[in-house]
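Fold and contact review
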Amino acid sequence: RFIFGYNAMGEQLFHHPFFISENHSSTLPQSHKEAKSVGLAERERLLEVTHNLIDWIALSLITGVGSRTAANLLDKFGSPAACFNASITALEFAGIKREIIDQLKSIEPRLRAEEVLKKVEELGGSVLTLGDESYPSLLREMYDPPVVLYFKGNAEAALRRPTLAIVGSRRCSTYGRNVAEML
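Residues numbered from 1 in each chain as written. Predicted model: local features only at pLDDT ≥ 70, side-chain atom pairs only at ≥ 80, totals over all residues. Heavy atoms only, no water.

Quick look at the side chain of Thr129 now. Along the chain, Thr129 falls in strand β3 (residues 125-129). For Thr129, a relative accessible area of 2% puts it in the buried group. (Helix = DSSP H or I, 4+ residues; strand = E, 2+ residues; numbered from the N terminus. Buried < 20%, exposed > 50% of the residue type's maximum accessible area, 1.4 Å probe, protein only.)

This is the structure:
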């Protein structure tokens, strides 16, 4: 499924894939043509959903924000958008390092998140965030679950079957890369 964003003139602004839980699937447009027929209120709601997704991805892309720091931020501020909108003083009071605060106050993470969404679309993937109802419950119970999961193919079908996940470093060793490829 895809999220389409339009300006007030009805011009398409973006076209992003979005993982949709079953209870929301019937309320979102299934195609570009159907999306053009939805009202302004629906367009604004879809734009809000997409911005929410961008915020989740952007939070996961900030250098120095791993699963634990993200959980701390979400615990203190409630949502990724609230983390980005929090005052510098509030972030400092929450114990967030200055380097992370600078990134939260920059537009760069959100721009990179938009690029990630575009790439996910090109690859036929989908995105699932810690805030989604469909996030795997056993994974959510981990001490530091990933903030964002990326899927290629049908995420709902993948989550219904036994699954193997490879969790690793952004700078993995040659040995680690070879073992992951063998699996």
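Having seen the model, we can carry on.
Secondary-structure assignment places Asp132 in the loop between β3 and α8 (137-140). Using a relative accessible area of 19% as the deciding quantity, one classes Asp132 as buried. Taking the C-alpha atoms as reference points, Asp132 and Val148, separated by 16 residues in sequence, lie 9.8 Å from one another. In this view, Asp132 contacts Val127 and Arg140; residues no more than four positions away in its chain are not counted. (Contact = heavy atoms within 4.5 Å.)

This next bit is on the packing of aromatic side chains. By convention here, two paired aromatic rings are described through the distance between centres and the angle between planes. A complete count under the given rule lists zero aromatic pairs for this structure. Above the ring of Phe84, the side-chain terminus of Arg110 is found at 4.4 Å from the ring centroid. (Phe/Tyr/Trp six-rings, centres within 6.5 Å; stacked < 30°, edge-to-face > 60°. Lys NZ or Arg CZ within 6 Å of the ring centre and 35° of its normal.)

The element β3 is extensively covered by neighbouring structure, given that five of its five residues are classed as buried. Burial of β3 is two-sided: the residues Gly125, Val127 and Thr129 facing one way and the residues Ser126 and Leu128 facing the other way are all buried. As paired elements, β3 and strand β4 (residues 148-152) share five bridges and run antiparallel to each other. Paired with Ser126 across the two strands is Phe151, which belongs to β4. (Pairing = 2+ DSSP bridges.)

With that settled, the discussion passes to the environment of Leu123. Along the chain, Leu123 falls in the loop between α7 (108-122) and β3. By relative accessible area, Leu123 is classed as partly exposed at 47%. When the C-alpha atoms of Leu123 and Lys152 are compared, they prove to be 7.2 Å apart, with 29 residues separating the residues in sequence.

In this section: the nonpolar core. Judged by nonpolar contacts, the single largest core of 33 residues is most densely connected at Ile57, Leu59, Leu73 and Leu104. Among the secondary structure elements, those contributing two or more residues to this core are α2 (40-61), α3 (67-77), α4 (80-85), α6 (98-104), α7, β3 and β4. Examining the composition of this core, we find that seven residues originate from one element, α2, more than from any other. If we skip the residues at most four places from it in the chain, Leu73 touches Leu59, Val65, Gly78, Cys83, Leu91, Ile96 and Leu104. (Core = buried A, V, L, I, M, F, W, Y, C linked by side-chain atoms within 4.5 Å.)

Shape is all these values report; function is a separate question.
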